[in-house]
Amino acid sequence: MMSPSQGDLLKRLALAGAMILISLNSFAWTEVTRIMDEGQALGIYTGASLLVGSGDHVLFQYSVGDSNPGRIYDVASLTKVVATTTLIMVLEEKGKLALTDRVSKYIPCVTSGVTLEDLHRHRAGLPAGARPKENETLDLYINRICQLKLSYVPGSRTLYSDLSYILLGRVVEIVSDKPLKELADEFIFRPLKMINSGFNVKNCAPTSEYRNCQVHDPTAFHFLPLHVGNAGLFASLDDLTLFVRMIVGKGEVNGTRIVSKATIEKMLIKVGPRGLGWDYEDEFFTAPRGEVFPPGISFGHTGYTGNSIWIDPKSDSYYIFVSNRVFMGDDRTRAPFSKLRKELSTAIGKKVYEISE
């Protein structure tokens, strides 16, 4: 029997023109619900929502605490793949740029010779981050990024870097002569009917007592009201589901095409541990993959505030998890949330592989 929230989800998706089969039994997902309930009881988040799907089918959906599938969350670094990577691919299809372009073509102070693809794959030599200085503007900050000593020889390794995506976000704006926010609305959120997604929202799950639906990431927060490519997006579980269905649908969902099948395939080509933005087997992304989803085949991304997307072509499944774990204390929740995320992904993986057999 469907819960009220599952029934509501079915209605929303039906109105959006989706062909959805709710084929779930909460008793069959007891381990998954136990883990989410335990996270709530331990005070790791005020609420959390999960959707497990396969194509246009919802296999399981569950919420705890003050969450529901329509509640808006600060999705932190999911911004990188949902907004920035997707926009770069849209602009390449339109002939506005090429992944092989050197970054210096758009940001002349970048003299290392790295390409847009190098930034995407976190192999551009840049350090993980750099704290903005007091009163530093975005342009001055980008100039400072250009002057930073490289952490390694570009192309010799990968190092997950917010700076790479701040540069990519700026490239998107330079090429289009529009703010990142407007471009994401125009090319992603409005076409997909992601009605609760954007860089400016009024109602959301809290990430601190002081942010009030302003981005939690300190670098992105510093540059408000401007927006950057590494963080700052807010979205609901419902909306992220539409986005993920577009990815697994090879660029199309509900009859709306965002990019071509070839572009999606290009985005997901694995080189080393990463696709374009998406992770396959980076050491820092073992928790959202868990112990069942196969490394090198399944892929996804996380958000620091307590969010995950993981997609597994082998089992033809995916899951989206949203929460606000930082609100309950960043230092206090970091380790237990990482443990919960791995246990949750493992439990989901066991279940979807049981279903697919």
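Structure's up top.
Not measured: the values here are computed from a predicted model. (Residues numbered from 1 in each chain as written. Predicted model: local features only at pLDDT ≥ 70, side-chain atom pairs only at ≥ 80, totals over all residues. Heavy atoms only, no water.)

A. Just the state of the cysteines, in detail. Enumeration over the complete set of coordinates arrives at 2 disulfides. Here cysteine 109 connects covalently by a disulfide to cysteine 146, the sulfurs 2.0 Å from one another. Taking the sign of the S-S torsion, 45° for the link of cysteine 109 and cysteine 146, the bridge is right-handed. Of this pair, cysteine 109 sits in the loop between α3 (78-93) and α4 (116-120) while cysteine 146 is found in helix α5 (residues 138-147), placing the two residues 37 residues apart along the sequence. Judged by relative accessible area, cysteine 109 falls into the partly exposed class, the value being 21%. Each disulfide of the protein chain joins two cysteines, and with those cysteines numbered along the sequence the arrangement is 1-2, 3-4. (Disulfide = S-S within 2.5 Å. Helix = DSSP H or I, 4+ residues; strand = E, 2+ residues; numbered from the N terminus. Buried < 20%, exposed > 50% of the residue type's maximum accessible area, 1.4 Å probe, protein only.)

B. Structural view of the packing of α3 against helix α7 (residues 180-192). Two elements in contact, α3 and α7, have axes separated by 10 Å at closest approach and are oriented at 75°. Judged on the interaxial angle alone, α7 and α3 are roughly perpendicular. Residues Val82, Ala83, Thr86, Leu87 and Val90 of α3 form the contact with α7, whose own contacting residues are Leu180, Leu183, Ala184, Phe187, Ile188 and Phe189. Tallied by class, residues from the contact of α3 with α7 come to 10 nonpolar, 1 polar and no charged. (Axes fitted to C-alpha atoms, helices over the stretch in contact; angles between N-to-C directions. Parallel < 35°, antiparallel > 145°, perpendicular 65-115°, else oblique. Contact = heavy atoms within 4.5 Å. Nonpolar A, V, L, I, M, F, W, Y, C, P; charged D, E, K, R; others polar.)

C. Expanded view of the nonpolar core. Counting residues in hydrophobic clusters, the biggest one holds 76 residues, and the most contacted among them are Val82, Ile107, Phe243, Ile247 and Trp278. Filtering out sequence-adjacent residues up to four positions away, isoleucine 247 remains in contact with Ile264, Met267, Leu268, Trp278, Phe299 and Ile311. Core analysis: the next-biggest nonpolar cluster, separate from the first, contains 24 residues, Tyr45, Val64, Phe285 and Leu340 among them. (Core = buried A, V, L, I, M, F, W, Y, C linked by side-chain atoms within 4.5 Å.)

D. View of the environment of glutamate 291. Here glutamate 291 lies in the loop between α11 (286-289) and β7 (299-303). Ignoring sequence-local partners within four residues, the contact set of glutamate 291 consists of Lys342 and Thr346.

E. Looking closely at the side chain of arginine 325. Structurally, arginine 325 is set in the loop between β9 (317-323) and α12 (330-356). Arginine 325 gets classed as buried once you look at its relative accessible area, which sits at 2%. Sequence-distant contacts of arginine 325, defined by excluding residues within four places in its chain, comprise Ile44, Tyr45, Tyr304, Thr305, Gly306, Asp330, Thr333, Arg334 and Phe337.

F. Region of the structure containing empty space enclosed by the protein. For the structure shown, the criterion picks out 1 cavity of 30 Å³ or more. Taken together, Leu138, Ile166, Gly169, Arg170, Glu173, Leu180, His227, Val228 and Gly229 make up the lining of the largest cavity. If you tally residues by element for the lining of the largest cavity, the top one is helix α6 (residues 162-176), at 4 residues. (1 Å grid on protein atoms, 1.4 Å probe; cavity = no way out; pocket = protein on both sides within 12 Å on 5 of 7 lines; lining within 4 Å. Points joined across faces, edges and corners; volume = space filled by probe spheres on them.)

G. Quick peek at α3. Taking 1.5 Å as the rise per residue, α3 with 16 residues should run 22 Å; its terminal C-alpha atoms sit 22 Å apart, in good agreement. At threonine 84, α3 shows its maximal bend, which comes to roughly 25°. Of all 16 residues that make up α3, 15 are buried, and the element is covered over most of its length. Backbone geometry just after α3 places glycine 95 at a positive phi near 80°. (Expected span 1.5 Å × (residues − 1). Bend = angle between axes of the 7 residues up to and from the residue.)

H. Just the pattern of salt bridges, in detail. One pass over the structure, following the stated rule, counts 23 salt bridges. What you see here is one network of salt bridges that share partners, running through Glu117, Asp118, Arg121 and Arg123. (Salt bridge = Lys/Arg side-chain N within 4 Å of Asp/Glu carboxyl O.)

I. Examining the packing of aromatic side chains more closely. Inspection of the entire model under this criterion finds 8 aromatic pairs. For the ring pair tyrosine 141 and phenylalanine 223, a centre distance of 5.1 Å and an interplane angle of 55° mean the geometry is tilted. Pair noted here: tyrosine 141 is in helix α5 and phenylalanine 223 is in the loop between α8 (218-222) and β4 (234-236), with a separation of 82 residues, a long-range link. For the pair formed by tyrosine 141 and phenylalanine 223, the shared burial category is buried. Centroid distance tryptophan 278 to phenylalanine 299: 5.6 Å. Interplanar angle 80°. Geometry classified as edge-to-face. Residue tryptophan 278 is found in the loop between α10 (261-267) and α11, and its partner phenylalanine 299 is found in strand β7; the two are separated by 21 residues along the sequence. Phenylalanine 299 carries the same exposure label as tryptophan 278, and that label is buried. Grouped by ring-pair contacts, the aromatic residues Trp29, Phe60 and Tyr62 constitute a single cluster. (Phe/Tyr/Trp six-rings, centres within 6.5 Å; stacked < 30°, edge-to-face > 60°.)

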